[in-house]
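Spelled out from the first residue to the last, the chains are:
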Amino acid sequence: MPLSDFFAAITRLFRPAPPLNVGGDIVPVGPAPAVQSTADVAPANTPVEGAAAQPATTVAQPVSAPAAARPMTPAEFIAAIAPAAQACARRTHVPASVTVAQAALESSWGVHAPGMNLFGIKADASWHGPFTVQLTHEVEDYKTIAIHAEFRAYSDWQGSIEDHGTFLATNPRYRPAFACTSGPAFATAIAACGYATDPLYAAKLKSVIAAHNLSALDA
């Protein structure tokens, strides 16, 4: 090999590599860009120093009550809510026997009370509090149909009982029931006023009252 060719080969070995051609764009060869640590990246909602504070937006959200450790027996359920039902009766004049019977019937003795709603009261246009969306069944023309509906939600059963009493006492539809002098008569009256779509609703309430001697709560 001529000496000149030997020196040319040595020169080519130490020549810098040409830039890479990626997709037609010239990318300079050099050190890779530094990667920013996630610890240096502020979360999207982190306030920026000196920026005006933005008011928080409150959006009504469905809620649900935590599941009980185990289902209560009817006796345990009655003992748990009877004092609240009696206190509510002194304020609203809704018989405690009816309050407990309705709570037992509507919630299956406290087993099914999403949002601590013992009575299945729906979240109509007058309700501005929290709610739950539940699959429920109603009777139309003696046929049971399934629908999704919004129901009121509470922080505890006490709130549900108080709202139930107020609901009945302030609704003109149920005014005739307050002329009744016993729990079973009150149950018949609110059913006649259209409290539930079930045609056997009054009979079911009176059966619960009789089976568990709930009339004693009205003494």
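Analysis parameters
- Here the residue index of a chain counts from 1 through its sequence in written order.
- This being a predicted model, a pLDDT of at least 70 is required before a residue's local features are given, and a value of 80 or more before pairs of side-chain atoms are given or counted; all residues contribute to the totals for chains, interfaces and linings.
- Only hydrogens and water are set aside when side-chain values are computed; all heavy atoms of the structure are taken into account.
- Segments assigned H or I by DSSP are reported as helices when at least four residues long, segments assigned E as strands when at least two residues long, and all are numbered from the N terminus.
- Exposed residues in this analysis have more than 50% of their type's maximum accessible area, buried residues have under 20%, and partly exposed residues fall in between, with area computed by a 1.4 Å probe over protein chains only.
- We define the bend at any residue as the angle between the axes fitted to the seven residues before and including it, ending there, and the seven starting there.
- pLDDT: the predictor's confidence for each residue, scored from 0 to 100.
- The contact definition used throughout considers only heavy atoms, calling two residues in contact when any of these lie within 4.5 Å.
- Two N or O atoms form a polar contact when they lie within 3.5 Å of each other; inside protein one atom must be a possible hydrogen donor and the other a possible acceptor, and for residues adjacent in sequence the pair counts only when both atoms belong to side chains.
- By nonpolar core we mean a set of buried residues, namely Ala, Val, Leu, Ile, Met, Phe, Trp, Tyr and Cys, connected to one another through side-chain atoms within 4.5 Å.
- What counts as a ring pair is set by centres within 6.5 Å for rings of Phe, Tyr and Trp (its six-membered ring), and what kind of pair is set by the plane angle: stacked under 30 degrees, edge-to-face over 60, tilted for all other angles.
- Within this document, salt bridges are pairs made up of a side-chain nitrogen of Lys or Arg and a carboxyl oxygen of Asp or Glu, the two lying within 4 Å of each other.
- A pair of strands is labelled paired if DSSP reports no fewer than 2 bridges between them.

Caption draft 1: Structural context of the overall build of the protein chain. Scanning the protein chain for helices and strands turns up 6 helices and 4 strands. Along the protein chain, from the amino end to the carboxyl end, the secondary structure elements read α-β-β-α-α-β-β-α-α-α. Burial status across the protein chain gives 29% buried among its 219 residues.

Caption draft 2: How the structure looks around helix H2 (residues 74–92). Where H2 bends most, the angle comes to about 40 degrees, and this point is Ile81, followed within four residues by the proline Pro83. Within H2, the full set of buried residues consists of Phe77, Ile78, Ile81, Ala82, Ala84, Ala85, Cys88, Ala89 and Thr92. Backbone geometry just downstream of H2 places His93 in the positive-phi region, at approximately 70 degrees.

Caption draft 3: Representation of the confidence of the model for the protein chain. Of the residues in the protein chain, 68% have a pLDDT of 70 or more, and the chain-wide mean is 76. This model gives residues 13–67 a pLDDT under 50, and the stretch forms 24 contacts once residues within four places in sequence are excluded.

Caption draft 4: Spatial organisation of the side chain of Asn117. With respect to the helices and strands, Asn117 occurs in the loop between helix H3 (96–107) and strand E3 (131–140). Reaching out from Asn117, the side chain makes a polar contact with the backbone nitrogen of Phe119 at a distance of 3.1 Å. For Asn117, the side chain forms a polar contact with the main-chain oxygen of Arg152, separated by 2.8 Å. The residues touching Asn117, leaving out its near neighbours within four places in the chain, are Phe151, Arg152, Tyr154 and Ser160.

Caption draft 5: Spatial organisation of the nonpolar core. Ile190, Tyr195 and Leu214 are the most contacted members of the largest nonpolar core, which has 39 residues in total. Counting only elements with at least two residues in this core, the list comes to H2, H3, helix H4 (157–170), helix H5 (183–192) and helix H6 (201–211). For this core, the leading source of residues is H2, giving 8 residues. The residues touching Ile190, leaving out its near neighbours within four places in the chain, are Val98, Gln102, Tyr174, Ala177, Tyr195 and Leu205.

Caption draft 6: Focus on the packing of aromatic side chains. Overall, the coordinates contain 7 aromatic pairs when judged by the stated rule. Measuring from centroid to centroid gives 5.8 Å for Phe77 and Trp109, while their planes differ by 85 degrees, and the two rings are edge-to-face. One end of the pair, Phe77, is in helix H2; the other, Trp109, is in the loop between H3 and E3, with 32 residues separating them in the sequence. Both residues of the pair, Phe77 and Trp109, belong to the buried class. Arranged with centres 6.0 Å apart and planes meeting at 45 degrees, the rings of Phe167 and Tyr174 form a pair that is tilted. Connected via pairs of aromatic rings, a cluster forms that spans Phe167, Tyr174, Tyr195 and Tyr201.

Caption draft 7: Examining the pattern of salt bridges more closely. Counting across every chain of the model gives 4 salt bridges. In this structure, Arg91 engages Glu162 in a salt bridge whose closest nitrogen and oxygen atoms are separated by 2.6 Å. Here the residue Arg91 occupies a position in helix H2, and Glu162 occupies one in helix H4, the gap between them amounting to 71 residues. The exposure class of Arg91 is partly exposed, given its relative accessible area of 46%. Overall, the relative accessible area of 22% leaves Glu162 in the partly exposed class. For Arg152, the salt bridge identified is with Asp163, shortest N-O distance 2.8 Å. Here Arg152, found in strand E4 (residues 143–152), pairs with Asp163, found in helix H4; they are 11 residues apart in sequence, far enough to count as distant. Both residues of the pair, Arg152 and Asp163, count as buried. One salt-bridge network, in which partners are shared between bridges, spans Asp124, Arg152 and Asp163.

Caption draft 8: Here's a closer look at the pairing of E4. Pairing geometry for E3 and E4, over 10 bridges, is antiparallel. Opposite His137, over in E4, you have Ala146 as the bridge partner. Counting the residues between successive antiparallel strands, the hairpin from E3 to E4 contains 2 residues, one of them, Asp141, with a positive phi of roughly 55 degrees.

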